[in-house]
Amino acid sequence: MISQTETETAFDPDADRLREECGVFGIYGHADAAALTALGLHALQHRGQEATGIVSFDGKRFHSERRLGLVGDAFSEAGVIEKLKGQQAIGHVRYSTTGETILRNVQPLFAELHGGGFAVAHNGNLTNGLTLRRNLVRDGAIYQSTSDTEVLLHLVARSRKSQFVDRLIEAIRQIEGAYAFVGMTNKKLIGVRDPLGIRPLVLGELDGCPILASETCALDIIGAKFVREIENGEVVIISDSGIESHKPFPPAAERPCIFEYIYFARPDSTVKGRSIYERRKAMGAVLAQESPTDADVVVPVPDSGVPAALGYAQASGIPYELGIIRNHYVGRTFIEPTQKVRELGVKLKHSANRSVVEGKRIVLVDDSIVRGTTSFKIVKMMREAGAKEVHFRISSPPITHPDYYGIDTPDREKLLAATHSLEEMRQFVGADSLAFISVDGLYRAMGHERRDPQRPQFTDHCFTGDYPTSLTDVIGESAKQQISLLAEAG
């Protein structure tokens, strides 16, 4: 049995979600480079809302603007964009995975190296970043941030290769994990994708000017044309001479993160030619086939559950209705002073549409259950609105393992599916029934017969425990390392 006290812990709706990674953008050779970068970051805002930054280069000097908060708050004033001079720029939206959200961690990071300046923005997480940091500091490196991204700056700076591309390649051969880097020097725009292609990066073009971005939606917002995806393990160097492609790693099968399809990418983006929206609908359809139920209405948990709920409704023939209305004008939930008030927190973002729910048997569809606290509150809300039955359906398999590649997940003991049976989870959230899509069902929704256990087509460790890279920091001495001695006020 589940102790009722487990559902009475302090509740913050923002804390019980998979937290977004980061987003990167870069453009080369355009007169409106900084403004276009700001627009691209607007489209990538869903990937990180804690901080944002842009670095531009005007042919002589680099210009940087980095701020905490949202893109619209940082770059809505013309005067700010005008200060970011030049025809090349890179930008970043951040959700912190390694390092606190403080100004010294806001990207792009910049360093003055032998031969010129180097700015870099990073999506992902280095699984040996702390180990490399410890070794570099021991050898005399002076760190200015607590972000794992700074490792790349130090490794490039210490290389004795004569050409920048060779110094960069020597550096990335020393790092492990998941990464999509967008960098900029005095003469080049650079894109790097990890050997397995866990984190996404695409190449686009606007007015003949090359663009790098985390998702295709960032190209769409500025009217750019999608050219291709940067391949796994590829380094692209963009300059006045054109686009060079380097493949510094042994050939490997691509294993993109399955959560890009389930949750992270914007529904209007495409990844590997697959529409994110259509894949999520397919997940809902497979879920309906695997876990049917008698019900009167299908209700999505907005916004994450909407496409899967549509797919479930279409496959099952059960009507789709908006039984929950989301308030889009709520920022990060404040910490309320009392438990009674805290319990109202979910209603800041979601409220029941009683006319749809009352007296009905509902299928409630969401994309994931992490800790389970939000799911408990939403099921309770449905019952309070008069739902006769609540059948909970989840369009991803149970999350049983934490992520170390740029998704902020709780430790394993805090993941509901890692510590509870399916029946215990059902009791915890208070549903009449609970079902998740199977791992093979998820792969069918992605267009495969099943998951290939010998050569998995995606990075899916959160469901399977199959981590595709070494986890040096997790099992080594660096796991207990204090990153910084400085605590910043503010």
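Up top you'll find the structure we're talking about.
Residues numbered from 1 in each chain as written. Predicted model: local features only at pLDDT ≥ 70, side-chain atom pairs only at ≥ 80, totals over all residues. Heavy atoms only, no water.

Enquirer: Help me understand the overall build of the chain in this model?
Expert: The helix and strand tally for the chain stands at 19 helices and 21 strands. For the chain, restricting intrachain contacts to residue pairs at least 6 apart in sequence, the fraction spanning at least 24 positions comes to 69%. Element-wise, carbon and sulfur atoms account for 49% of the exposed surface of the chain, whose accessible area totals about 20300 Å². (Helix = DSSP H or I, 4+ residues; strand = E, 2+ residues; numbered from the N terminus. Contact = heavy atoms within 4.5 Å. Areas by Shrake-Rupley, 256 points an atom, 1.4 Å probe, with all protein chains shown as cover.)

Enquirer: What exactly am I supposed to notice about the nonpolar core here?
Expert: Generally speaking, a soluble globular protein has its nonpolar side chains buried in company with each other. With 42 residues, the main nonpolar core has Ile258, Phe259, Tyr261, Ile262, Met283, Val298 and Phe463 as its most contacted residues. Looking at this core, the elements with two or more residues in it are helix H8 (259-264), helix H9 (276-290), helix H10 (306-316), strand E19 (361-366), helix H17 (439-445) and helix H18 (461-464). Among the elements that take part in this core, H9 stands out by supplying six residues, more than any other. Beyond its immediate stretch of four places on either side in the chain, Phe463 contacts Ile258, Phe259, Ile262, Ser396, Pro397, Pro398, Ile399, Thr400, Val439 and Leu442. Of all hydrophobic cores here, the second largest spans 29 residues; its members include Ala141, Tyr143, Leu155 and Leu168. (Core = buried A, V, L, I, M, F, W, Y, C linked by side-chain atoms within 4.5 Å. Buried < 20%, exposed > 50% of the residue type's maximum accessible area, 1.4 Å probe, protein only.)

Enquirer: Just checking my understanding: could you explain the sheet that holds strand E21 (residues 433-436) for this structure?
Expert: Strands belonging to one sheet form pairs held by backbone hydrogen bonds; the direction of such a pair is parallel or antiparallel. What the four strands build is an open sheet, ordered E16-E19-E20-E21; its pairing is parallel. Sheet topology places strand E16 (297-300) and E21 at the edges, where each strand pairs with a single neighbour. Strand-to-strand twist across the sheet, computed as the mean angle between neighbouring axes with direction ignored, equals 20°. Here E19 runs beside strand E20 (residues 389-394); their pairing, made up of six bridges, is parallel. Bridging from a neighbouring strand, Val363 pairs with His391 of E20. Taken strand by strand, helix H14 (residues 373-384) contacts E19 and E20, and its axis lies near 150° from that of E20. (Pairing = 2+ DSSP bridges. Axes fitted to C-alpha atoms, helices over the stretch in contact; angles between N-to-C directions.)

Enquirer: Is there a simple way to think about unusual backbone geometry in this case?
Expert: The phi angle of most residues is negative, glycine excepted, and most peptide bonds adopt the trans form. Here Gln107 and Pro108 are connected by a cis peptide whose omega angle stands at 5°. The peptide bond linking Pro302 to Asp303 adopts the cis configuration, its omega dihedral lying at -5°. By secondary structure assignment, the location of Asp303 is in the loop between E16 and H10. Unlike most non-glycine residues, Asp207 shows phi in positive territory, near 55°. With respect to the helices and strands, Asp207 occurs in the loop between strand E9 (202-206) and strand E10 (209-213). Asp207 sits in the exposed class, given a relative accessible area of 62%. Phi is positive for Lys272, which is not a glycine, with a value near 55°. Within the secondary structure, Lys272 is located in the loop between strand E14 (270-271) and strand E15 (274-275).

Enquirer: How should the pattern of salt bridges be read in this particular structure?
Expert: Once the charged atoms of two side chains with opposite charge are near each other, the side chains can pair. Throughout the structure, instances matching the rule amount to 22 salt bridges. The partner of Arg138 in a salt bridge is Asp139, and the shortest N-O contact between them spans 4.0 Å. Of the two residues, Arg138 and Asp139, both sit in the exposed class. Note that Glu254 and Arg193 form a salt bridge whose closest N and O atoms lie 3.1 Å from each other. (Salt bridge = Lys/Arg side-chain N within 4 Å of Asp/Glu carboxyl O.)

Enquirer: Sorry if this is basic, but what is going on with the sheet that holds E10 here?
Expert: Judged by pairing direction, the sheet is antiparallel, and its seven strands sit side by side in the order E3-E2-E4-E1-E10-E9-E11 without closing on themselves. Single-partner strands in this sheet number two, and they are strand E3 (62-68) and strand E11 (225-229). Averaged over all adjacent pairs, the angle separating strand axes in this sheet is 15°, with direction ignored. In this sheet, E11 lies alongside E9 in antiparallel orientation, the contact comprising four bridges. Bridge pairing links Gly204 to Phe226 in E11. Relative to strand E4 (residues 88-94), helix H1 (residues 33-43) is tilted by about 25°, and along the sheet it contacts strand E1 (22-28), strand E2 (51-57), E4 and E9.

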